[in-house]
Amino acid sequence: MMGDAEAFTRDFLPLFRAVPPARPGVCRICHSGPNDRVDGRPWPICASCKRTTERLTGHTEHVVPISLTIKDTQLYDVLVRRREPAIGTARRNRLDFLAATLTHFFREHAACLQGLAGGPFTTVATIPSTRTERPIEAFHYMEKVIGKVGAWARLHRPLLLQAVDAYAPVLAARDSHPAAFRVLGDRGQGDRVQGDGVRGDGVQGARVLLVDDLFVSGAHVQSAASALIGRGARAVVALVIARLVNPASTDPYSAGIWQEWGDRRFGFDRCCVCDRDRDHPAARQPARRARG
């Protein structure tokens, strides 16, 4: 079923919105809008990324969203409200659609992601649920999605991370904590070292592709990355299906990012890592909201 991810996603391209590469006016970590300095120049990272990384001893600089989204779009509904995607007469099973999205993107951009990691990935993991408003699922649905991606079959480590309940309110408040997740199955320093430098079944020396559905503040992604790095992961690259942006944000760039990158065609052949054509009109610094 996942053999032709391109055909599976072809009718649903209107659900996605292109993501700008990092540059002045675009956060170098999550690709949303930063604030301005006193002198009018944009900060290199947004306020959310600053808050969720500044108190961690380790975090990832590499967050790669496949798409931007805002609330009350169909992609947001698929990810958050668990609705089946539908355009006209074309309908898809939600989990199959998300698996096809990841399969198609990874097929096109594995080299981009591995370049950020410094080599091929040795582990693929996802972030467990920490929701406090309803009972936590035994298995986060993204585990099922990742299990459908054939390229990750040998690398997928189900339940590599475990949420620590005491820190769920911290994450719900969109802040990070290095102890919010516990790394399971790490056998520590006594393990046999494999040829790729990974120590046994643990994460010591691993290049981890950390996959999540929706990036909002970065609290979950950065807390999970910190836990993995703290256990010796060599690199953590976060691949997220969508980065939630707020065009009404007080920062001066998010509205321009949403508008300008919605005006260009979305295609799985481009991503925010390899799309660095500075001559493209939409690749310039995003339009800045005038101060009122």
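Everything below is about the structure shown above.
An account of the accompanying structure is given in this report. Computed from a predicted model, the values in this text were never measured in an experiment. (Residues numbered from 1 in each chain as written. Predicted model: local features only at pLDDT ≥ 70, side-chain atom pairs only at ≥ 80, totals over all residues. Heavy atoms only, no water.)

**What to know about the overall build of the protein**
Summing up its helical and strand segments, the protein has 8 helices and 8 strands in all. Of all 292 residues assigned to the protein, the portion counted as buried reaches 54%. Within the protein, residue pairs in contact and separated by at least 24 positions form 71% of the contacts whose partners lie at least 6 positions apart. Element-wise, carbon and sulfur atoms account for 50% of the exposed surface of the protein, whose accessible area totals about 13100 Å². (Helix = DSSP H or I, 4+ residues; strand = E, 2+ residues; numbered from the N terminus. Buried < 20%, exposed > 50% of the residue type's maximum accessible area, 1.4 Å probe, protein only. Contact = heavy atoms within 4.5 Å. Areas by Shrake-Rupley, 256 points an atom, 1.4 Å probe, with all protein chains shown as cover.)

**Here we look at the environment of Arg 41**
Tracing the backbone through its elements, the reader meets Arg 41 in the loop between helix H1 (5–10) and helix H2 (47–53). With a relative accessible area of 47%, Arg 41 lands in the partly exposed category. The contacts of Arg 41, once residues within four sequence positions are left out, are Asn 35 and Asp 36.

**Here's the deal with the pattern of salt bridges**
In a structure, side chains of opposite charge can pair up when their charged atoms sit close to one another. Taken as a whole and judged by the stated rule, the model has 12 salt bridges. Note that Glu 54 is salt-bridged to Lys 50, the shortest N-O span being 3.0 Å. Asp 275 serves as the salt-bridge partner of Arg 270, at 2.7 Å between the closest nitrogen and oxygen. The class of Asp 275 is buried, set by a relative accessible area of 3%. Residues joined in a network through salt bridges with shared partners are Lys 50, Glu 54, Arg 55 and Asp 175. (Salt bridge = Lys/Arg side-chain N within 4 Å of Asp/Glu carboxyl O.)

**Thoughts on helix H8 (residues 254–262)**
Among all positions in H8, only Ser 254, Gly 256, Ile 257, Trp 258 and Trp 261 are buried. Next to the buried residues of H8 lie strand E1 (63–69).

**What about unusual backbone geometry?**
Located in the positive-phi region is His 31, a residue other than glycine, with phi close to 75 degrees. Within the secondary structure, His 31 sits in the loop between H1 and H2. Classification of His 31 as buried rests on a relative accessible area of 5%. Positive phi, close to 60 degrees, is recorded for Arg 82, a residue that is not glycine. Take Arg 82: its relative accessible area is 33%, and that puts it in the partly exposed class.

**Notes on the nonpolar core**
Membership of the largest hydrophobic core comes to 56 residues, with the highest contact counts inside it found for Phe 97, Leu 102, Trp 152, Leu 209 and Leu 239. Of all elements in the fold, only H1, E1, helix H3 (74–80), helix H4 (94–117), helix H5 (141–147), strand E7 (207–215), strand E8 (235–244) and H8 reach the threshold of two or more residues within this core. Here this core takes 12 residues from H4, the largest share from any one element. In this structure, Leu 209 is in contact with Phe 106, Phe 121, Thr 123, Val 124, Ala 125, Trp 152, Val 237 and Leu 239, ignoring residues within four places of it in sequence. Grouped together as the second largest cluster of nonpolar side chains are 31 residues, Cys 30, Leu 161, Val 208 and Phe 215 included. (Core = buried A, V, L, I, M, F, W, Y, C linked by side-chain atoms within 4.5 Å.)

**Topic: the packing of aromatic side chains**
For the structure on display, the rule yields 6 aromatic pairs. When the ring of Phe 106 is compared with that of Trp 152, the centres are 5.3 Å apart and the planes differ by 75 degrees; the resulting orientation is edge-to-face. In this pair, Phe 106 sits in helix H4 while Trp 152 sits in the loop between H5 and strand E5 (161–163), placing the two residues 46 residues apart along the sequence. Assessed through its relative accessible area of 0%, Trp 152 is described here as buried. Here the aromatic cluster, defined as three or more aromatic residues joined through ring pairs, consists of Phe 12, Phe 16, Phe 97, Phe 266 and Phe 268. (Phe/Tyr/Trp six-rings, centres within 6.5 Å; stacked < 30°, edge-to-face > 60°.)

**What to know about the sheet that holds strand E4 (residues 123–126)**
Judged by pairing direction, the sheet is parallel, and its 4 strands sit side by side in the order E1-E8-E7-E4 without closing on themselves. Only two strands of the sheet have a single partner each, and these edge strands are E1 and E4. Adjacent strand axes in the sheet meet at a mean angle of 15 degrees, parallel and antiparallel pairs treated alike. Of the strand pairs in this sheet, E4 and E7 are connected by 4 bridges, and their pairing is parallel. Within E7, the position partnered with Thr 126 by the bridge is Val 211. The strands touched by H4 are E1, E7 and E8; relative to E8, the strand with the most contacts, the crossing angle is about 140 degrees. Along the sheet, helix H7 (residues 219–230) contacts E1, E7 and E8; its crossing angle with E7, the most-contacted strand, is approximately 165 degrees. (Pairing = 2+ DSSP bridges. Axes fitted to C-alpha atoms, helices over the stretch in contact; angles between N-to-C directions.)

**A look at the state of the cysteines**
One pass over the full model with this rule turns up 0 disulfides. Free cysteine: Cys 27, not disulfide-bonded; nearest cysteine sulfur from Cys 49 at 3.8 Å. Just so you know, Cys 271 is unpaired, no disulfide at all, and the nearest cysteine sulfur is the one on Cys 274, 3.6 Å from it. (Disulfide = S-S within 2.5 Å.)

**Some details on the pairing of E1**
Among the 7 residues that make up E1, 7 are buried, leaving the element largely enclosed by the rest of the structure. Note: E1 against E8, 6 bridges, orientation parallel. Its bridge partner lying in E8, Ser 67 is registered against Ala 242.

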